[in-house]
Amino acid sequence: MIEASAHHEAPEKSRPTRRRDPRFFILNSQFSILLLVLSACSGPPPAEAPAPAPQAPITGTQLEGYVRTYELAGPLVPASTTMASAWDIPANPLTDEALGESPDADLVRRGFRLFTETPDEAPRLTHNRLTCNNCHLNAGQRELSLPLVGVDAMFPEYNRRAGREFTLEDRIIGCFLRSENATAGSDTPDARTPEVVALAAYLRWLSRGHAKGENPSWRKRNRIADDKLIPVDQLDPVKGEAIYREKCQSCHGLDGQGVQIGDKRAGPLWGPDSWNDGAGAARTYTLAGIIRYAMPYLAPGSLTDEEAQHVAAFITSKPRPVYPFKDQDYRTEPVPPDAVYYKR
Ligand code: HEC
Ligand code: HEC
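This section reports on the structure supplied with the text. (Residues numbered from 1 in each chain as written. Chains lettered and ligands numbered in written order. Predicted model: local features only at pLDDT ≥ 70, side-chain atom pairs only at ≥ 80, totals over all residues.)

Some words on the nonpolar core
Working step 1: Counting residues in each nonpolar core, the largest one holds 75 residues, and the members touching the most others are Leu 199, Tyr 202 and Ile 291.
Working step 2: Only helix H3 (105-116), helix H5 (132-135), helix H6 (137-140), helix H7 (168-179), helix H8 (194-205), helix H11 (284-294) and helix H12 (305-315) provide two or more residues apiece to this core.
Working step 3: It is H8 that contributes the most residues to this core, nine residues altogether.
Working step 4: Other than its neighbours up to four places away in sequence, Tyr 202 contacts Pro 93, Val 108, Gly 111, Phe 112 and Phe 115. (Core = buried A, V, L, I, M, F, W, Y, C linked by C-beta atoms within 7 Å. Buried ≥ 20, exposed ≤ 12 C-beta atoms within 10 Å, placed from the backbone. Helix = DSSP H or I, 4+ residues; strand = E, 2+ residues; numbered from the N terminus. Contact = placed C-beta atoms within 7 Å.)

Written as structure tokens, this is what we have:
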């Protein structure tokens, strides 16, 4: 059992963070060499893999002397930065001094660690190898990467898949059940589950100062524009596979299971360790919208709308864990055309 109550946890402020690990420096300075090695082991080298931008990999707030070499986009790490900024966390509860004063400080820190190390921190609810951070990059603080800063202001909100109002907790539970494949285990999270409570505390902390009902301008922008959507039956997984080999395989592997890079691991894109077939990322257009702006991680934004959709069609043509309650989804709204694992 995982204990998430703030009162039972020792203060964690002094606990060393992963970001102090010297491997980060190795990663940054030797990233291109590393990539060459990776691609040598796992297939054809990425033909024109761009050299990583000369950015420090870690956040300005964590290490003395570190200076961020780019402007933040509002509160977010800009979408134009590469994997070299993967450890930049603009608002980090482990180092934020103002947070120390607040009564739920330990809960917020616990939520942050759950978010960034989900399989280790929430093993009973995580039945794959994905952290929340795998999809919500920079701990939910990266532009065009499903950012979660300020989103609590929009909850409760109508959820089309469920056909009812969703609280923030409902949304987190949904990501556990589907993106983290919790349904493969025997524990079912609810709004009082300690892991859900702690994650909600972290996300509410990310929304401090955001007025209720005010839609953050960066929210839900990981979308392919309607007039650029290609009908699902015209998407070509074979074309998608060719794009995958050239632009994704060096980090995600020939088998799609992800390669370790420093202490980051590109996630499994299909198979038993990936998100299940009821997840948002199992919808072809939703996945294309993530990939289009966040990947490939050394040149995010470099794919066309069309390429992102073909590669997403390749990934959603693969087997993945089955979400057992798909028949209870879309009972009041039609099944969207890109929900390709659903019967219609
Ligand atoms: C496999 C990818 C993936 C993983 C892993 C994942 N999510 Fe998500 N998450 C999504 C997608 C896709 C959406 C929908 C975004 C949209 O509607 O534009 C989403 C939406 C959300 C939202 C609602 C955002 C909003 O603006 O309304 C929250 C909150 C959230 N996720 C939290 C989490 C938490 C907490 C975890 C870990 C327990 C997690 N997610 C893991 C893909 C993922
Ligand atoms: C330079 C390495 C690299 C390349 C190239 C790359 N990725 Fe990633 N990708 C990552 C890393 C690392 C993460 C996890 C980020 C994190 O946890 O901070 C990730 C995350 C993802 C995710 C979120 C879910 C998961 O399984 O981690 C998707 C989807 C994804 N990548 C798809 C792609 C696609 C498609 C391509 C090719 C167009 C691609 N990536 C190219 C490194 C890469």
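Regarding the site of ligand 2
Working step 1: Within the structure, ligand 2 sits among 27 residues, and Cys 248, Cys 251, Ala 266, Gly 267 and Pro 296 are positioned closest to it.
Working step 2: Where the shell around ligand 2 is concerned, the elements lending two or more residues are H5, helix H10 (249-252) and H11.
Working step 3: For the shell around ligand 2, the per-class residue count stands at 19 nonpolar, six polar and two charged.
Working step 4: Of the domains in this structure, domain 2 (96-205) and domain 3 (226-328) are the two that each give at least three residues to the shell around ligand 2. (Near = placed C-beta within 6 Å. Nonpolar A, V, L, I, M, F, W, Y, C, P; charged D, E, K, R; others polar. Domains from an automatic or database assignment.)

Some remarks on the site of ligand 1
Working step 1: Surrounding ligand 1, one finds 26 residues, the nearest of these being Cys 132, Cys 135, Cys 175, Ser 179 and Gly 280.
Working step 2: Of all the secondary-structure elements, those providing two or more residues to the shell around ligand 1 are H5, H7 and H8.
Working step 3: The element that contributes the greatest number of residues to the shell around ligand 1 is H7, accounting for five residues.
Working step 4: Looking at the shell around ligand 1, its residues break down into 15 nonpolar, seven polar and four charged.
Working step 5: Both of domain 2 (96-205) and domain 3 (226-328) provide at least three residues apiece to the shell around ligand 1.

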